Amino acid sequence: VQLQAYGGGLVQAGESLRLSCAASGRTFSNYAMGWFRQAPGKEREFAAGITWIGVASYKDSLKGRFTISRDNAKNTVYLQINSLKPEDTAVYYCAAGQRFRSGSLDPKGSMDYWGKGTLVTVSS
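Residues numbered from 1 in each chain as written. Predicted model: local features only at pLDDT ≥ 70, side-chain atom pairs only at ≥ 80, totals over all residues. Heavy atoms only, no water.

(A) Structural view of the pairing of strand 4 (residues 32–38). By the criterion of burial, strand 4 is predominantly enclosed, with six of the seven residues buried. Note: strand 4 against strand 9 (residues 90–97), seven bridges, orientation antiparallel. By the bridge assignment for strand 9, Arg37 is matched with Tyr92. Bridge count between strand 4 and strand 5 (residues 45–50): five bridges; the pairing is antiparallel. Considered in strand 5, the bridge of Arg37 is made with Glu45. Turn length for the strand 4-strand 5 hairpin, with the two strands adjacent in sequence and antiparallel, is six residues, and the turn residue Gly41 shows positive phi of about 80°. (Buried < 20%, exposed > 50% of the residue type's maximum accessible area, 1.4 Å probe, protein only. Helix = DSSP H or I, 4+ residues; strand = E, 2+ residues; numbered from the N terminus. Pairing = 2+ DSSP bridges.)

Rendered as structure tokens:
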């Protein structure tokens with residue numbers, strides 16, 4: 001699976017942004033998808049995931065502001081981020097995997113394919 005994330009940019013705190021990730025190469029609908037982010041100097045962390053049947057899960061601290069969705073007809077997964085904060089500044093990566101489940105203890109380890117990230121910078 002090839003993944004391409006896009007939609008990042010420079011935004012003001014309080015604004016919203018929608019990231020997209022286009023997939024190609026294999027049957028998209030067979031894969032769970034995830035969004036991860038890596039802030040400067042920090043490890044990559046799970047932000048949101050969605051199973052192949054559309055069950056979404058989130059990092060607890062991001063619930064309410066982050067919404068993940070998928071359009072299997074377009075082979076695309078989205079991440080809507082509202083009320084952006086400076087601490088949301090990070091490179092956002094999308095990933096695909098068949099082992100991911102909602103509530104997975106190791107979301108990162110359950111992903112098989114990773115795309116190049118898209119940078120989101122939130123100014124205060």
